[in-house]
Amino acid sequence: MPYKILDKKELAMNEVWYKIHAPHVAKKVQPGQFVIVRAFPNGERIPLTPVTWDRDEGWITLITFVRGKTTMRMANELKPGDELLNVAGPLGNPAPMKKFGKILAIGMITGIVEVFPIAKAWQEAGNEVTTLHVSPNPMVILKEEFENAVSRHIVEGFDLQPGWGMNEIAQELVKRAVAKVKELLENEHFDMILTVGPAGGQKAVFNVVKEFGIPMHADLHPIMVDATGMCGACRVTVGGEVKFACIDGPGFDAYKVDWDELIHRSGFYAPMERLALETYLKQLQAQGGEQ
Ligand SMILES: Cc1cc2nc3c(=O)[nH]c(=O)nc-3n(C[C@H](O)[C@H](O)[C@H](O)COP(=O)(O)OP(=O)(O)OC[C@H]3O[C@@H](n4cnc5c(N)ncnc54)[C@H](O)[C@@H]3O)c2cc1C
Ligand code: FES
């Protein structure tokens, strides 16, 4: 089955949008579900989230944050007309779809991509949805799409300072997210909170939300390999029990997640990921390609 790239564009700094022919996914996918993509013969499998889809025309759209070797290779080497090797899915459980009332849905950096289909469907199901995107300003995406889909869309953007690396960005992200969520919860009542983003940021937001005792649904991002429940790479502890995020999640009750374990496990392959990226960048340099 050819998974043709019908269109591709850079939406913002390090944010690439792909429109992919994948009729079997488009036909069945529900908000909250994801796909596993393998783009290259020697490449790894990575989980990504369909943002929009057309069931009749048989396409889905994906947005990737260019963060490591695979997403960078995809950004550099794939062009419209090329084909992805595999697009497996839809995978995981759909987000709970009911009338909660007033919802605050928070996406940190590219996490906003996963918030989109869920927030849109919650709004269509009769909820009053406020979405909050916390992100460096050059990476703000989907502003207009959110403004058309939900009751209110707030962008909490910040400028990147010269010399900042990932650590400084992460610290600023958490600081901004915590302050904005606190301000919103102190001034308004919400019945439900959703978060998607880095585990450290989600934990910090959860610590604010729990002071207000509001139910919270968190979409988790542990490392995934097969994403069909066969390897346990994605295991997380929820309510004291081991769960596999790819089949039991990716969404869980934030009050039951062992956040410290998730944060620890998320950094497990960081040295290998850095090495894979550095090796790829050296290859590009040797070929005289762009970085
Ligand atoms: C259910 C789910 C949905 C996701 N949806 C999106 C999305 O729509 N857009 C998007 O940009 N990103 C999404 N991600 C994260 C995405 O899978 C990683 O950014 C991607 O795998 C990075 O690959 P890389 O080689 O470029 O970076 P790497 O250098 O390999 O990794 C950078 C970081 O990405 C994460 N990561 C790496 N490999 C995996 C893996 N196999 N499974 C999960 N996380 C991994 C790790 O936290 C790692 O620290 C999702 C993750 C999950 C679990
Ligand atoms: S990724 Fe292997 S069990 Fe979930």
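Residues numbered from 1 in each chain as written. Chains lettered and ligands numbered in written order. Predicted model: local features only at pLDDT ≥ 70, side-chain atom pairs only at ≥ 80, totals over all residues. Heavy atoms only, no water.

Named according to an unreviewed UniProt entry, the protein is Ferredoxin-NADP reductase originating from Thermococcus pacificus.

1. What about the overall build of the protein?
Along the protein, the regular secondary structure elements total nine helices and 16 strands. What you see for the protein is a C-alpha radius of gyration of 18 Å, in line with the 19 Å of a compact globule of 291 residues. Each of the three principal axes of the protein carries a C-alpha extent, and together these read 55 × 45 × 40 Å. The buried share among the 291 residues of the protein stands at 48%. (Helix = DSSP H or I, 4+ residues; strand = E, 2+ residues; numbered from the N terminus. Rg over C-alpha atoms; globule rule 2.2 N^0.38 Å. Buried < 20%, exposed > 50% of the residue type's maximum accessible area, 1.4 Å probe, protein only.)

2. Things to note about the side chain of Glu-156
Position of Glu-156 relative to the elements: it lies in strand β11 (residues 152-158). The exposure class assigned to Glu-156 is buried, which follows from its relative accessible area of 16%. Setting aside residues no more than four positions away along its own chain, Glu-156 makes contact with Leu-132, His-133, Val-134, Ser-135, Arg-176 and Lys-180. (Contact = heavy atoms within 4.5 Å.)

3. Digging into unusual backbone geometry
Residues Gly-89 and Pro-90 are joined by a peptide bond in cis, for which omega reads 0°. Looking at where Pro-90 falls in the secondary structure, it is placed in strand β8 (residues 86-91). Cis geometry marks the peptide bond from Gly-249 to Pro-250, where omega comes out at 5°. Inspection of the secondary structure assignment puts Pro-250 in the loop between α7 (245-248) and β16 (251-253). Of note in the backbone geometry, Asn-14 takes a positive phi value of approximately 60° without being a glycine. Residue placement: Asn-14 occurs in the loop between β1 (3-12) and β2 (15-21). A positive phi angle is found at Leu-142, which is not glycine, with a value near 60°.

4. Observations concerning the UniProt feature "binding site: [2Fe-2S] cluster" (unreviewed entry) in the protein
The residues that UniProt annotates with the feature "binding site: [2Fe-2S] cluster" (unreviewed entry) are Cys-231, Cys-234 and Cys-246. A maximum C-alpha distance of 10.2 Å is found for the annotated residues, which run over 16 residues; spatially they form one tight group. Classification of Cys-231 as partly exposed rests on a relative accessible area of 43%. If sequence neighbours within four positions are ignored, Cys-231 has contacts with Val-225 and Asp-226. Looking at the element boundaries, Cys-234 is found in the loop between β13 (216-219) and β14 (235-238). Apart from the residues lying within four places of it in its own chain, the contact partners of Cys-234 are Pro-222, Ile-223, Met-224, Lys-243, Phe-244, Ala-245 and Cys-246. (UniProt positions renumbered as here; feature names shortened; annotations may be inferred.)

5. Brief notes about the domain arrangement of the protein
Taken domain by domain, the protein holds domain 1 (3-91) and domain 2 (102-265). Look at where the C-alpha atoms of domain 1 and domain 2 centre, and you get two points 21 Å apart. Contact with domain 1, which involves 19 residues of that partner, is made by 21 residues of domain 2. Of the roughly 1700 Å² buried where domain 1 meets domain 2, counting both sides, 74% is carbon and sulfur surface. Contact with domain 2 buries area across many residues of domain 1, yet Met-13, Val-51 and Phe-65 alone supply 27% of it, more than any other trio. Seen at the junction of domain 1 and domain 2, the total is zero salt bridges. Counting across the interface, domain 1 meets domain 2 through four residue pairs in polar contact (both at pLDDT 80 or more). (Domains from an automatic or database assignment. Buried area = accessible area lost by both parts, 1.4 Å probe. Salt bridge = Lys/Arg side-chain N within 4 Å of Asp/Glu carboxyl O. Polar contact = N/O pair within 3.5 Å; in protein donor to acceptor, adjacent residues only side chain to side chain.)

6. Some remarks on helix α5 (residues 166-187)
Helix length check: α5 (22 residues) gives 32 Å between terminal C-alpha atoms against 32 Å at 1.5 Å per residue, within 8%. For α5, the set of buried residues is Ile-169, Glu-172, Leu-173, Ala-177, Val-178, Lys-180, Val-181, Leu-184 and Leu-185. Those residues of α5 that are buried are in contact with β9 (102-108), β10 (128-136), β11, β12 (192-196) and α6 (199-212). (Expected span 1.5 Å × (residues − 1).)

7. A word on the side chain of His-217
On the secondary structure map, His-217 appears in strand β13. Excluding anything up to four places from it in sequence, His-217 contacts Ala-95, Pro-96, Met-192, Ile-193, Leu-194, Thr-195, Gly-251 and Phe-252.

8. Points about the site of ligand 1
Around ligand 1, 24 residues are found, and the nearest of them are Pro-47, Ile-63, Phe-65, Thr-71 and Met-224. The separation between an oxygen atom of ligand 1 and a polar side-chain atom of Glu-44 is 3.0 Å. Its free accessible area being 850 Å², ligand 1 has 91% of it covered by the protein chains. Those elements that place two or more of their residues in the shell around ligand 1 are β4 (46-48), β6 (59-65), α2 (69-77) and α3 (111-124). (Near = heavy atom within 4 Å. Areas by Shrake-Rupley, 256 points an atom, 1.4 Å probe, with all protein chains shown as cover.)

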